[in-house]
Amino acid sequence: MSADLRSTVPGLVAGIVLLALGGCTSAAAEVSAAAPTTTVTAVPADATTQRIAEVEFARQCAVTGQAFADESAFTTDLDARLGAAGLTHAQWKDWHDALAVSPDLLAQVSAVGAPGCPPA
């Protein structure tokens, strides 16, 4: 990966998180409006969410240099990375969905990505 690309990946990750949050926040607002008795609470950061953030950040760094034939190959790659770290797709999905409501998780993933992507 070129130095220029490595320097832009943290910004891309931040953009992806913001885009995801925009969509998730809208969805969360719709759910809240539909079921006003349901309360969404922030998810605390812990050792498991740290591992998920590390896997996700490494994947974001690597995915710019990969080509996937279709969406299933992208998911297969994600699942392989998660499995190697002792995590499941369900854990990743719960973490990903919780980013919209958890400042602790956002701070954690931001800290993981702060150094930028490692040299290719």
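Heads up: these notes are all about the structure in this document.

Reading guide: rules and limits
Residues numbered from 1 in each chain as written. Predicted model: local features only at pLDDT ≥ 70, side-chain atom pairs only at ≥ 80, totals over all residues. Heavy atoms only, no water. Salt bridge = Lys/Arg side-chain N within 4 Å of Asp/Glu carboxyl O. Helix = DSSP H or I, 4+ residues; strand = E, 2+ residues; numbered from the N terminus. Buried < 20%, exposed > 50% of the residue type's maximum accessible area, 1.4 Å probe, protein only. Axes fitted to C-alpha atoms, helices over the stretch in contact; angles between N-to-C directions. Parallel < 35°, antiparallel > 145°, perpendicular 65-115°, else oblique. Left-handed = near helix turned anticlockwise from the far one by under 90°. Contact = heavy atoms within 4.5 Å.

### Considerations on the pattern of salt bridges
Move 1: Throughout the structure, instances matching the rule amount to three salt bridges.
Move 2: Where Glu 56 meets Arg 59, a salt bridge forms, and the shortest distance between an N and an O atom there is 2.8 Å. Residue Glu 56 and its partner Arg 59 are both found in helix α2 (residues 47-63); the two are separated by three residues, about one turn of the helix. An identical accessibility class is assigned to Glu 56 and Arg 59; each is buried.
Move 3: As a salt-bridge pair, Arg 81 and Asp 77 come within 2.9 Å of each other at their nearest N and O atoms. Taken as a pair, Arg 81 and Asp 77 lie in helix α3 (residues 71-84) at a separation of four residues, close to a single helical turn.

### As for the packing of α2 against α3
Move 1: The geometry of α2 relative to α3 is characterised by a closest axis approach of 10 Å and an angle of 140 degrees between their N-to-C directions. If you check the angle between α2 and α3, you find them oblique. Two packed elements cross with a definite hand, and for α2 against α3 that hand is right-handed. Residues Val 55, Glu 56, Ala 58, Arg 59, Ala 62 and Val 63 of α2 form the contact with α3, whose own contacting residues are Phe 74, Asp 77, Leu 78, Arg 81 and Leu 82.

### Observations concerning the environment of Gly 65
Move 1: By the secondary structure assignment, Gly 65 is in the loop between α2 and α3.
Move 2: The sequence separation of Gly 65 and Ala 120 amounts to 55 residues, and the corresponding C-alpha distance is 9.2 Å.

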